[in-house]
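# Structure assessment
What follows is each chain in one-letter form.
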Amino acid sequence: MTRLVELVGAGYAYEDGPAVLSGVDFGIAAGRALVLLGRNGSGKTTLMRLLSGGLKPGPGELRLDGAVVAHDRAGLTRLRTSVQLVVQDPDDQLFAASVEQDVSFGPMNMGLPAGEVRARVDSALAALDITALRDRPTHLLSYGQRKRAAIAGAVAMAPRVLILDEPTAGLDPEGQERLLDALAGLRSAGTTVVMATHDVDLAVRWADDAAVLTPSGIRFGPAGTLLSDPELLVSAGLRQAWSPAVAAFLRARDLLAGDAPGPRTPEALAAWAPGRP
Ligand SMILES: Nc1ncnc2c1ncn2[C@@H]1O[C@H](COP(=O)(O)OP(=O)(O)OP(=O)(O)O)[C@@H](O)[C@H]1O
């Protein structure tokens, strides 16, 4: 599995504080949907900021395509054309007067020609389904619209890896589905997407791989396996996911073959149940 960006032997402590992360060997593999889970304060945001260059690991190193990233202007500029982080609160990210101005800021700052900037903005707005909001002042957008505008700003940088800190938090169910559709479109266009979330059900449904931050370190593996492990979930302060719990219940009653995947959503269970004995 090719790791686009990775931390090797990495740790981080904020000034005057204890180490938040230590001994981290962890990377983002091309083409996989990766979810980060862990209790409040476990270090998810810190990990994402290390992977996207906002923080410098100490000790350890960050590598992009296998080469150590220098945390200087040239190194970080190169990193940011490949890896983009969208922070949790869109108001920490949006700063320009209109959606178009905000989304075009990154590509303009890269010195791209006007036509290329325009094409990237058009494509990012379309990907997040906010083309109609192009001229709207950012401060007049709804929270969900601001979330999508902030993500569009990162998408306009055409990153290979898009890292999202709790992108669905605060969105209503329809807003969550719209966002997941947008992420599915980005993934099929070749972008590797990583998200931090506290929503274990969403993680099971969405992710290929999971990284679970526990007091004894980061556990990494296939999302379906890791997030069906009750002990791991308890150690990470997470509740059990709905679909593995339902599958275990059905298996215990011989309603589901041992290796068959259970229904992934309540709607799928409702559709599946009538045909069962
Ligand atoms: N700028 C900072 N200065 C000092 N300590 C910080 C800073 N940012 C985070 N921390 C501390 O680092 C630890 C990890 O925080 P981090 O934000 O990475 O956790 P998280 O898993 O993203 O949490 P949450 O789920 O609440 O968003 C916490 O103990 C936090 O108080």
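Here, the structure is the one placed above.
First, a word on scope: everything that follows refers to the structure included in this document. Values in this document were obtained by computation on a predicted structure and should not be read as measured data.

### Some remarks on the pairing of strand S9 (residues 209–214)
For S9, the tally of buried residues reaches six of six residues, placing the bulk of the element in the interior. Residue alternation in S9 divides its side chains into two sets, Asp209, Ala211 and Leu213 and Ala210, Val212 and Thr214, and both sets are buried. Of the pairings in the sheet, the one linking strand S3 (residues 34–38) to S9 comprises five bridges and is parallel in character. Bridging from a neighbouring strand, Leu34 pairs with Asp209 of S9. As defined by bridge partners, S9 adjoins strand S10 (residues 217–222) across six bridges and the pair is classed as antiparallel.

### Details of helix H10 (residues 242–252)
All buried positions along H10 are accounted for by Ser243, Pro244, Val246, Ala247 and Leu250. Angular distribution of buried residues about the axis of H10 spans 160°; they occupy a single face of the element. Looking at the buried positions of H10, the neighbouring elements they touch are helix H7 (200–206) and helix H11 (266–272). Just downstream of H10, Asp254 is the residue with a positive phi angle, here 55°.

### Considerations on empty space enclosed by the protein
Tallied over the full model, the rule gives two cavities of 30 Å³ or more. In terms of lining, the largest cavity is formed by Val86, Val87, Lys147, Ile151, Leu164, Asp165 and Pro167. Residue assignment for the lining of the largest cavity shows that the elements contributing at least two residues are helix H5 (143–155) and strand S7 (161–165). Here the residues of the lining of the largest cavity sort into five nonpolar, no polar and two charged. Taken as a whole, the second largest cavity holds about 30 Å³ of empty space. In this structure, the second largest cavity is lined by Gly27, Ile28, Ala29, Arg32, Leu34, Asp209 and Phe220. With three residues, strand S2 (residues 19–29) is the largest single contributor of residues to the lining of the second largest cavity.

Scoring rules and cut-offs
- Residues numbered from 1 in each chain as written.
- Predicted model: local features only at pLDDT ≥ 70, side-chain atom pairs only at ≥ 80, totals over all residues.
- Heavy atoms only, no water.
- Buried < 20%, exposed > 50% of the residue type's maximum accessible area, 1.4 Å probe, protein only.
- Helix = DSSP H or I, 4+ residues; strand = E, 2+ residues; numbered from the N terminus.
- Pairing = 2+ DSSP bridges.
- Arc of directions from axis to C-beta.
- Contact = heavy atoms within 4.5 Å.
- 1 Å grid on protein atoms, 1.4 Å probe; cavity = no way out; pocket = protein on both sides within 12 Å on 5 of 7 lines; lining within 4 Å.
- Points joined across faces, edges and corners; volume = space filled by probe spheres on them.
- Nonpolar A, V, L, I, M, F, W, Y, C, P; charged D, E, K, R; others polar.

Remember, this is a structural readout, not a statement about activity or role.
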